[in-house]
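Fold and geometry: a report
Chain by chain, the residues:
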Amino acid sequence: MKTIFLTRFRPDAIDGGSALRNRQNIFGLGKSGPVDVVSIGADGEAKPLEGVRNWTHFSLREALAGRSRGERVRRRLWRLRAGAHPVLEQYLHERVARFLEDVVNRERYDVAVVSEVFLASYLPLFRRLGCKVVFDCHNIESALATDVDAARSKRAPLGYRLSVGLLQRRMHASERQAARDADVVWACSEADARGLEELFGLSKRVAVVPNGVDVSGYAPPEGTDASAWSRSVVTLLYPGTFSYFPNEDAAMRLIDEVLPALRARGREARVLLVGRSPTAAMLAAAKRDPGVIVTGPVASVLPYFHRPAVVTLPIRVGSGTRLKVLEAYAARCPVVSTAKGVEGISGRDGEHHFVREDGVGTAEAVLRLWDDEGLRGTLTANAAELVERDYSRDAAVRRIAESLAN
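Residues numbered from 1 in each chain as written. Predicted model: local features only at pLDDT ≥ 70, side-chain atom pairs only at ≥ 80, totals over all residues. Heavy atoms only, no water.

Moving on to the overall build of the chain. Scanning the chain for helices and strands turns up 17 helices and 13 strands. Relative to its full complement of 406 residues, the chain shows a buried share of 53%. Long-range pairs, those at least 24 residues apart, make up 65% of the contacts in the chain with a sequence separation of at least 6. (Helix = DSSP H or I, 4+ residues; strand = E, 2+ residues; numbered from the N terminus. Buried < 20%, exposed > 50% of the residue type's maximum accessible area, 1.4 Å probe, protein only. Contact = heavy atoms within 4.5 Å.)

Here we take up the sheet that holds strand β3 (residues 54-59). A sheet is described by the order of its strands in space; here 7 strands give the open sequence β3-β2-β1-β4-β5-β6-β7, paired in parallel fashion. Only two strands of the sheet have a single partner each, and these edge strands are β3 and β7 (207-208). Taken together, the 5 bridges between strand β1 (residues 3-7) and strand β2 (residues 35-41) define a ladder with parallel strand orientation. Bridged to T7 within β2 is S39. On top of the sheet, helix α1 (residues 17-30) reaches β1, β2, β4 (111-115), β5 (132-137) and β6 (184-187); it is set at about 175° to β1, its chief contact. Across the sheet, helix α17 (residues 393-405) touches β5, β6 and β7, and the angle it forms with β6 is around 160°. (Pairing = 2+ DSSP bridges. Axes fitted to C-alpha atoms, helices over the stretch in contact; angles between N-to-C directions.)

This part covers the side chain of H93. Turning to its location among the elements, H93 is positioned in the loop between α4 (86-91) and α5 (94-107). Look at H93 and you get buried, because its relative accessible area is 3%. A polar side-chain atom of H93 sits 2.7 Å from the main-chain carbonyl oxygen of Q90. (Polar contact = N/O pair within 3.5 Å; in protein donor to acceptor, adjacent residues only side chain to side chain.)

With that settled, the discussion passes to the nonpolar core. If you look at the biggest cluster of nonpolar residues, it comprises 59 residues, and the most contacted ones within it are L273 and Y329. Considering each element in turn, this core owes the most residues, 9 residues, to helix α11 (residues 245-264). V114, V117, M171 and A178 belong to the second-largest nonpolar core, a separate cluster that totals 42 residues. (Core = buried A, V, L, I, M, F, W, Y, C linked by side-chain atoms within 4.5 Å.)

Relative placement of two packed helices is described by the angle separating their axes and the distance separating the axes. Relative orientation of the contacting elements α11 and helix α12 (residues 280-288) amounts to 20°, with a least axis distance of 10 Å. Looking at the two axes, α11 sits roughly parallel to α12. As for how α11 packs across α12, the hand of that crossing is left-handed. Contacts from E248, A251, M252 and I255 of α11 reach α12 at A281, M282 and A285. (Parallel < 35°, antiparallel > 145°, perpendicular 65-115°, else oblique. Left-handed = near helix turned anticlockwise from the far one by under 90°.)

Right, let's talk about the pattern of salt bridges for a bit. Tallied over the entire structure, the rule returns 22 salt bridges. A salt bridge links R127 to D183, with the shortest nitrogen-to-oxygen separation between them at 3.3 Å. Of this pair, R127 sits in helix α6 (residues 123-128) while D183 sits in the loop between α8 (158-181) and β6, placing them 56 residues apart in sequence. (Salt bridge = Lys/Arg side-chain N within 4 Å of Asp/Glu carboxyl O.)

Before going further, it helps to examine the packing of helix α14 (residues 323-330) against helix α16 (residues 373-390). Look at α14 against α16: their axes get within 7 Å of each other, and the N-to-C directions meet at 115°. Here α14 lies roughly perpendicular to α16, going by the angle between them. Note on packing geometry: the crossing formed by α14 with α16 is left-handed. Where α14 abuts α16, its residues L326, Y329 and A330 lie against T380, A383, A384, L386 and V387.

Relative to the helices and strands, A331 is located in the loop between α14 and β12 (335-337). The class for A331 is buried, based on a relative accessible area of 2%. For the pair A331 and A219, spaced 112 residues apart in sequence, the C-alpha to C-alpha distance is 5.0 Å. Setting aside anything within four residues of it in sequence, one finds A331 in contact with Y218, P220, F305 and H306.

Our next topic: the packing of aromatic side chains. Overall, the coordinates contain 3 aromatic pairs when judged by the stated rule. Considering the side-chain rings of W229 and W370, the 4.6 Å spacing of their centres and the 65° angle between planes classify their relative orientation as edge-to-face. A residue pair is termed long-range when its members are at least 10 positions apart, and W229 in helix α10 (residues 228-231) and W370 in helix α15 (residues 359-371) qualify at 141 residues. Classification of W229 as buried rests on a relative accessible area of 11%. The class for W370 is buried, based on a relative accessible area of 4%. Lying across the ring of W229, R376 places its NZ or CZ 4.0 Å from the centre. Here the basic side chain of R393 rests over the ring of F27, its NZ or CZ set 4.8 Å away from the ring centre. (Phe/Tyr/Trp six-rings, centres within 6.5 Å; stacked < 30°, edge-to-face > 60°. Lys NZ or Arg CZ within 6 Å of the ring centre and 35° of its normal.)

Moving on, we get to the confidence of the model for the chain. Model confidence for the chain is summarised by a mean pLDDT of 87, while 86% of its residues fall at 70 or above. This model gives residues 158-162 a pLDDT under 50, and the stretch forms 4 contacts once residues within four places in sequence are excluded. (pLDDT = per-residue confidence, 0-100.)

Among the secondary structure elements, T3 is positioned in strand β1. In this view, T3 contacts L29, P34, V35, D36, Y109, V111 and V113; residues no more than four positions away in its chain are not counted.

All right, on to the pairing of β1 then. The side chains of a regular strand alternate, first on one face of the sheet and then on the other. Within β1, 5 of the 5 residues are buried, which leaves it mostly tucked inside the rest of the structure. Tracing the backbone out of β1, into α1 and back to the parallel element β2 gives a crossover that is right-handed. (Right-handed = clockwise from strand over helix to strand, strands pointing away.)

This is how it looks when you write it as structure tokens:
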């Protein structure tokens, strides 16, 4: 089986949940035959990459700058006629389309995977050229946009709310069309699969390809000293890309609600925010309070999982499943989250993680795990067993093969 995989992320830069999911799915598809990747995004050259036969990369910045006057005019007319969402329009380029048509005609791919709705404008091209088309729905973006904008715009001017509503309708229409036109739709969880089927009235069954992790790569080093917890400052760890609003919102809840609740109980505590694109509000909080630590980009989050810390996720909005939860499970790092933060993952409250919705309850759960080595060990052992069984790379590979067998 020959596959072409279209993504807006470079497959060599694994710096977020979407890129991790892409890498997993490329790996899984490679078990059945050669995979060629086409990416549209950040500047840089493609290079040889393990598990990928050919990789072609297009710089989004160069593509935008290189649009001809005729293409710009046609694009404006298309926007008016089709009501296209501007993000989808941003990624649609004649040069990329010509390349895809040429390579598909030459290689005769069996399967084309379109990763995320933002590249859905290329889906009709793959259908026309005879590929079996997979639409990989990392999130239900139209539902996510509704939640995010509701959280952001409670006091926004009327004009802003109207423009947001228009964009939400366009995203919904684009996502519905992609889901209906694809031969196979992948969702991250059973909850997302049900949401896609109900929201878009799909007659086809959505296949669940869960987010998975390379479990062996997350195991804590041998000889880890459990007594280090009692000697350490209580640490709330949040890994993520903070330009993504749900992550910034959760990070600020840690700073404004959970950290004060811990200190009110007489405990020395800190918030550790690990990942790229920290926002101005986060940086300002770190400047005010030495207990707020913002790392910026890091080479690997693993060392942070392996030190005494509780992954604490007061997430209010979002979609899909959070790879940070699965990574914490695999690293045997305890997790306290809202129900939204662990949505789509089959772990249970009190068995694999703790679910708490407010700052005081979250602080109390963190301290229970911090102070009780036996409880912490039981919870993390259960979580590690769950991720090995249901959310490993091997589990994802099986689901990919099953979804394409019909």
